[in-house]
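Observations on the model geometry
Here's the letter readout for the chains.
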Amino acid sequence: MSAAIAAMVTAVVGVLGTLFAPVITSWVTKRQRTAEGQVEERRRLFEDRRTAYTSMNRATGHFHTLLKDALHRMRDGVYTDDDRAQLEDGRRDYRDRYAEAQMIVPDAVLAASRELNVVLAGVDAALKRIDRGLPREGETAVQLLLDLKAADPRLGAMHRSHARGPRHHRLSTAGCDGAALSAPVPSRYVVTPCTRRVRTAAARRRTSLMYYRPSDGPRQEEEPVSADSRGVLGVVGTATDGVETLRTGLVEPALALGWQVAVTLTPTAGRWLRANGELDRLESLTGLPVRDTPRLPAEPRPHPVADCYVVAPASANYVAKLATGIADNQALTQVSEALGTVGVPVVVFPRINAAHARHPAWEGHLGALRRAGVSLVYGADVWPLHEPRQGPADRELPWAAILANTAVRAD
Ligand SMILES: Cc1cc2nc3c(=O)[nH]c(=O)nc-3n(C[C@H](O)[C@H](O)[C@H](O)COP(=O)(O)O)c2cc1C
């Protein structure tokens, strides 16, 4: 090729480049916008699904509680029109949320809810027959309470499968990139499709990944759950260091052991956990509202009746109030009542320092709680006391001891 031809080719390429540069730039921008739009759309779908999961979870738990309360009242002969009206509201809300979720929630996640729905619908129908004075043979309030109790594992399974479902989707719909992994994700959770970027980001965060396709549904074999339900565990958190680990340290392991968990916080702890997003996460996980205020007298009880309470971490302030019978917030009201209720174990972990323990009233408070049958997770072996602001900064709360104590007390 002569120098003249080479110069001409260079000139033509230059002219074409100049002519087509805006076209190419606009094409690239359009593709980027389309890709961003798709990610945004997937995010929106994920949010819709999550909202449907959460609403249905909450409505199911609430309807379950209303049925239980109604049956207790029927059994005791004090079932009133108000109870009927409350149950009807819960029934309607449950039906709406269930219908909505059926349209939007993946089938595999709905499986656990469907099984529970069969039980709830059956109990509800029998309750109405009893209420009308036309029960079938063997249909009594006591029998229906037993049927509901037998369905507790299904309720737990539903909460867990719903709690897991959105997390799987959170990763996959967030575009499966490193940014998605910067969200707080339990280490065992899972992405697909798994790109090299995901693996690199996961390795950097020491997150172990397992891969699955969303079409497989939740991985049932991953369920860290014992088959039998232990009942309802009332978890109470107060405003101390470490309360931010309540979910990972206590609530998740308790759910895995088969408890249904209902969380209540002191008003200050409620403010703290609302501010750092933990309160929302606890609600999604447990399928129940986190309580930090008392209900209005006309409102239904948002939690099922607890079979056992664990207060962890308990501030020095909370311990003093509980021991002296002060019940000026929801977290104290519940546990104060449990102290006087036969057959409801109470476990308390005082998260205190050496100065709190030297307060002249402290030993008296512990004595009062012990006499009331409280199981204290306390002593140098589980929580050595340090002077204020001198304890190790990264000290974890003794969750294993707290959980073990709870299991022993409740069994
Ligand atoms: C950051 C921070 C950490 C605290 N840690 C503790 C603690 O470990 N133990 C404790 O008894 N009080 C602790 N307190 C003090 C309590 O929050 C305070 O006594 C409060 O009134 C307790 O309220 P509650 O018992 O209603 O949750 C802490 C306060 C702050 C601001």
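Remember, it's a predicted structure, so these values are computed and weren't measured experimentally.

We now examine the overall build of the protein chain. Across its full length, the protein chain holds 15 helices and five strands. Among the 411 residues that make up the protein chain, the fraction classed as buried is 44%. Within the protein chain, contacts between residues separated by at least 24 positions form 72% of all contacts whose residues are at least 6 apart in sequence. A total of about 20900 Å² of accessible surface is found on the protein chain, and carbon and sulfur atoms cover 55% of it.

Across the protein chain, the average pLDDT comes to 79, with 79% of residues at 70 or higher. Confidence drops under pLDDT 50 across residues 164–228; counting only partners more than four residues distant or on other chains, this segment forms 103 contacts.

For the rest of this paragraph, the subject is helix H12 (residues 330–339). For H12, the complete set of buried residues consists of Gln 330, Ala 331, Leu 332, Gln 334, Val 335 and Ala 338. Of the surrounding elements, those touching the buried residues of H12 are strand E1 (231–237), strand E2 (259–265), strand E3 (308–314), helix H11 (316–323) and strand E4 (346–350). Put simply, Asn 329 is the residue that caps the front of H12, since its side-chain oxygen is 3.1 Å from the backbone nitrogen of Ala 331.

Counted by the stated rule, this structure contains 19 salt bridges. For Arg 75, the salt bridge is made with Asp 76, and the minimal N-O distance between the two is 3.0 Å. Assessed through its relative accessible area of 43%, Arg 75 is described here as partly exposed. Taking the relative accessible area as the measure of exposure, Asp 76 reaches 47% and is therefore partly exposed. For Arg 91, the salt bridge goes to Asp 124, with nearest N and O atoms at 2.7 Å. Taken together, the residues span a long stretch of sequence, with Arg 91 in helix H2 (residues 81–104) and Asp 124 in helix H3 (residues 107–131) at a distance of 33 residues.

Once that is clear, we can look at the packing of helix H9 (residues 267–275) against helix H10 (residues 278–286). Pairs of packed helices are described in terms of their axes, by the angle between the two and the distance that separates them. Following both chains from N to C, one finds H9 and H10 inclined at 90 degrees, their axes separated by 5 Å at the closest point. Classified by the angle between their axes, H9 and H10 sit roughly perpendicular to one another. For the pair H9 and H10, contact is made by Gly 270, Leu 273 and Arg 274 and by Glu 278, Leu 279 and Leu 282, respectively. Residue composition of the contact of H9 with H10, grouped by class: three nonpolar, one polar and two charged.

We now examine the nonpolar core. Val 235, Leu 246, Leu 250, Val 251 and Val 263 are the most contacted members of the largest nonpolar core, which totals 29 residues. Those elements that place two or more of their residues in this core are E1, helix H8 (246–256), E2, H9, H10, E3, E4 and helix H15 (399–410). At five residues, the largest contribution of residues to this core is made by H8. Apart from the residues lying within four places of it in its own chain, the contact partners of Val 263 are Val 235, Leu 246, Val 251, Leu 282, Thr 286, Pro 289, Val 290, Arg 291 and His 303. Core analysis: the second largest hydrophobic core is formed by 28 residues, Met 56, Leu 67, Tyr 94 and Ala 126 among them.

Rules and cut-offs
- Residues numbered from 1 in each chain as written.
- Predicted model: local features only at pLDDT ≥ 70, side-chain atom pairs only at ≥ 80, totals over all residues.
- Heavy atoms only, no water.
- Helix = DSSP H or I, 4+ residues; strand = E, 2+ residues; numbered from the N terminus.
- Buried < 20%, exposed > 50% of the residue type's maximum accessible area, 1.4 Å probe, protein only.
- Contact = heavy atoms within 4.5 Å.
- Areas by Shrake-Rupley, 256 points an atom, 1.4 Å probe, with all protein chains shown as cover.
- pLDDT = per-residue confidence, 0-100.
- Polar contact = N/O pair within 3.5 Å; in protein donor to acceptor, adjacent residues only side chain to side chain.
- Salt bridge = Lys/Arg side-chain N within 4 Å of Asp/Glu carboxyl O.
- Axes fitted to C-alpha atoms, helices over the stretch in contact; angles between N-to-C directions.
- Parallel < 35°, antiparallel > 145°, perpendicular 65-115°, else oblique.
- Nonpolar A, V, L, I, M, F, W, Y, C, P; charged D, E, K, R; others polar.
- Core = buried A, V, L, I, M, F, W, Y, C linked by side-chain atoms within 4.5 Å.

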